[in-house]
Amino acid sequence: MDVLEISGKTVDEAVQKALSQLGVTRDQVRITIIHEGKAGGFLGLGAEEARIKVEPISPEKEKMGEILEVAKDTLETLVKLMDIEGTVVIDTYPDETGEQANAPIGFNIEGDDLGILIGRRGQTLASLQYIVRLITGHKTDTWVPIVIDAEGYKQRRIEALQSLAERMADNVKLKGTAFTLEPMPAYERRIIHMTLADDPSVFTESIGDGESRKVVIRPKQAGNGKPRTAPLHENNGRSNYSNGRPGGYNNNRSNYTRKPY
Amino acid sequence: MKDLVEYIAKSIVNQPDSVKVTEETDEQGIILKLQVADEDKGRVIGKQGRIAEAMRTLIRVKAAKKGTKATLEIL
């Protein structure tokens, strides 16, 4: 629905007209009076029509504004209660693929000494983000992804992981052997997977469980573009590859169930 | 220390009035004890203790800034 301008003898009449034309109720629109209108004198001479502007309120948009406010409040309160000197700024935050925002709400905390807030491998930041999501969700009765960054840490990390992924993929192509990266948390593994998803000569998968789960970059067989091993979605995908490699990287594969990343 | 736990707990439970936090200090550092209504216990602990763990992480940061240690117990 677009913005509608409508005239009537009085404001009330214009409003009624607009509502019936749009088929909405009064609380679904925002009405701005452009011109009050005048009743006019004898026989309606000199009367002026009232003119109003009617703007449909998008419920999601209104709700998002509220959520944004609650989330920002919550984050500011938490930062303050943690005795951290920092300023919360709203940030449009690209998601892991570098594209604009599957995460509609983003915050960056700016300050001088925020290393303590980021924590080892961003763990503290992750906890803070989790708590803010929880509180915001509880207060607004919705769940919205909220991303919290500090001093652009996540942004830098994404870039670092992307270039790491590309470097290691080049290596794999050159040598024709698989390469296993360090263990990483899920969202970091995801960045690696996404970065190399379109690469025709390698494919990636995650192995291991919990804290030690890590990404392996493997070469695809030359020519057919198919993985050298069995298709990705079979549980025995790595068996012929791992055979003859005693003490390899995936000893526990018997009880290992595949996760997307 | 108390205020941080209290704020988080009160913001995620259904009965904020039942949230009680006590603070003790011993040679190990600060011990925070969090008490909530029975029905809210799950809300402050979370699946596999995830919420409690996240609260502990934030408390640790605050304690570290003060040069001490802090533990959180949920009663």
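**Student:** What am I meant to see in the interface of chain B and chain A here?
**Tutor:** A common measure of how large an interface is: the accessible area buried when the components associate. Tallying the contact residues gives 19 residues for chain B and 18 residues for chain A. Together chain B and chain A conceal approximately 1,800 Å² of surface at their shared face, both sides included; 73% is due to carbon and sulfur atoms. In terms of surface lost to chain A, no three residues of chain B exceed Tyr7(B), Leu58(B) and Lys65(B), which account for 33% of the buried area on that side. Our count for the contact surface shared by chain B and chain A stands at 1 salt bridge. In this structure, Asp83(A) and Lys66(B) form a salt bridge, with 3.4 Å as the shortest nitrogen-oxygen distance. Put simply, chain B and chain A have 5 residue pairs in polar contact (both at pLDDT 80 or more) between them. Of all the elements in the fold, those that place two or more residues in the side of chain B that touches chain A are helix 1 (2-12) and helix 3 (50-66) of chain B. Per element, the largest residue contribution to the side of chain B that touches chain A is 11 residues, and it comes from helix 3 of chain B. The residue inventory of the side of chain B that touches chain A, partitioned by class, reads 11 nonpolar, 3 polar and 5 charged.

**Student:** I would appreciate a short explanation of the packing of helix 1 of chain B against helix 3 of chain B in the present structure.
**Tutor:** Helix packing for two helices is described by the angle between their axes and how far apart those axes are. All names here are of chain B. Axis separation between helix 1 and helix 3 bottoms out at 10 Å; the angle between their running directions is 155°. Between helix 1 and helix 3, the angle falls in the class roughly antiparallel. Regarding helix 1 and helix 3, the two cross each other, and that crossing is right-handed. Across from Asp 3, Leu 4, Val 5, Ile 8 and Ile 12 in helix 1, the residues of helix 3 making contact are Ile 51, Met 55, Leu 58, Ile 59 and Lys 62. When grouped by side-chain class, the residues that make up the contact of helix 1 with helix 3 number 8 nonpolar, no polar and 2 charged.

**Student:** Sorry, what's going on with the pattern of salt bridges here?
**Tutor:** Pairing is possible between side chains that carry opposite charge, provided their charged atoms lie close to one another. The tally for this structure, following the rule as stated, stands at 12 salt bridges over all chains. Close ionic contact of Glu76(A) with Lys72(A) constitutes a salt bridge, the shortest N to O distance being 3.2 Å. Of the two residues, Glu76(A) and Lys72(A) both sit in helix 2 (residues 59-81), 4 residues apart, roughly one turn of that helix. The class for Glu76(A) is partly exposed, based on a relative accessible area of 32%. Among the ionic pairs, Glu39(B) bridges to Arg43(B), the shortest N-O distance being 3.8 Å. Under the relative-accessibility criterion, Glu39(B) is labelled partly exposed at 44%. On the basis of relative accessibility, which here comes to 31%, the residue Arg43(B) falls in the partly exposed class.

**Student:** Is there a simple way to explain the environment of Gln123(A) in this structure?
**Tutor:** The residue Gln123(A) is located in helix 4 (residues 123-140) in this model. Using a relative accessible area of 43% as the deciding quantity, one classes Gln123(A) as partly exposed. Here the alpha-carbon distance between Gln123(A) and Pro185(A), two residues 62 residues apart in the chain, equals 9.5 Å. In contact with Gln123(A), not counting residues within four places along its chain, are Ile118(A) and Thr57(B).

**Student:** Even after reading the chapter, I still don't get the nonpolar core, so can you show me in this structure?
**Tutor:** The nonpolar side chains of soluble globular proteins are, as a tendency, buried together. Counting 50 residues, the largest nonpolar core has Leu75(A), Ile109(A), Leu128(A), Ile148(A), Ile8(B) and Leu34(B) as its most contacted members. The element best represented in this core is helix 3 of chain B, accounting for 7 residues. Apart from the residues lying within four places of it in its own chain, the contact partners of Leu128(A) are Leu75(A), Leu78(A), Met82(A), Ile109(A), Leu117(A), Ile148(A) and Leu58(B). Among the nonpolar cores identified, the runner-up in size contains 14 residues, and Ala165(A), Ile192(A), Val202(A) and Val215(A) belong to it.

**Student:** What am I meant to see in the confidence of the model for chain A here?
**Tutor:** Predicted coordinates in regions of low pLDDT should not be interpreted in detail. Residues and elements named next belong to chain A. Predicted confidence across chain A gives a mean pLDDT of 78, with 75% of residues reaching 70 or more. Per-element averaging of pLDDT across chain A places helix 7 (residues 239-242) at the bottom with 42 and strand 9 (residues 214-219) at the top with 92. Counting interchain partners and residues more than four positions distant, the pLDDT-below-50 stretch residues 95-103 has 20 contacts. Counting contacts from residues 230-258, a segment whose pLDDT is below 50, to residues more than four positions away or on other chains yields 41 contacts.

**Student:** Help me understand the sheet that holds strand 3 (residues 50-56) of chain A, please; the structure alone is not making it clear to me.
**Tutor:** Sheet strands line up and pair through hydrogen bonds in the backbone, either parallel or antiparallel. Residue and element names in this part refer to chain A. Reading across the sheet, the 3 strands line up as 1-3-2 and stay open at both edges, with antiparallel pairing between neighbours. Each of the sheet's edge strands pairs with one partner strand only, and the pair in question is strand 1 (4-8) and strand 2 (29-35). On average, adjacent strands in this sheet sit at an angle of 30° to one another, irrespective of strand direction. Across 5 bridges, the pairing between strand 1 and strand 3 is antiparallel. When the bridges of strand 3 are listed, Ser 7 appears paired with Arg 51. Contacts from helix 1 (residues 11-22) reach strand 1, strand 2 and strand 3, with the element oriented near 135° to strand 1.

Definitions and cut-offs
Residues numbered from 1 in each chain as written. Chains lettered and ligands numbered in written order. Predicted model: local features only at pLDDT ≥ 70, side-chain atom pairs only at ≥ 80, totals over all residues. Heavy atoms only, no water. Contact = heavy atoms within 4.5 Å. Buried area = accessible area lost by both parts, 1.4 Å probe. Salt bridge = Lys/Arg side-chain N within 4 Å of Asp/Glu carboxyl O. Polar contact = N/O pair within 3.5 Å; in protein donor to acceptor, adjacent residues only side chain to side chain. Helix = DSSP H or I, 4+ residues; strand = E, 2+ residues; numbered from the N terminus. Nonpolar A, V, L, I, M, F, W, Y, C, P; charged D, E, K, R; others polar. Axes fitted to C-alpha atoms, helices over the stretch in contact; angles between N-to-C directions. Parallel < 35°, antiparallel > 145°, perpendicular 65-115°, else oblique. Left-handed = near helix turned anticlockwise from the far one by under 90°. Buried < 20%, exposed > 50% of the residue type's maximum accessible area, 1.4 Å probe, protein only. Core = buried A, V, L, I, M, F, W, Y, C linked by side-chain atoms within 4.5 Å. pLDDT = per-residue confidence, 0-100. Pairing = 2+ DSSP bridges.

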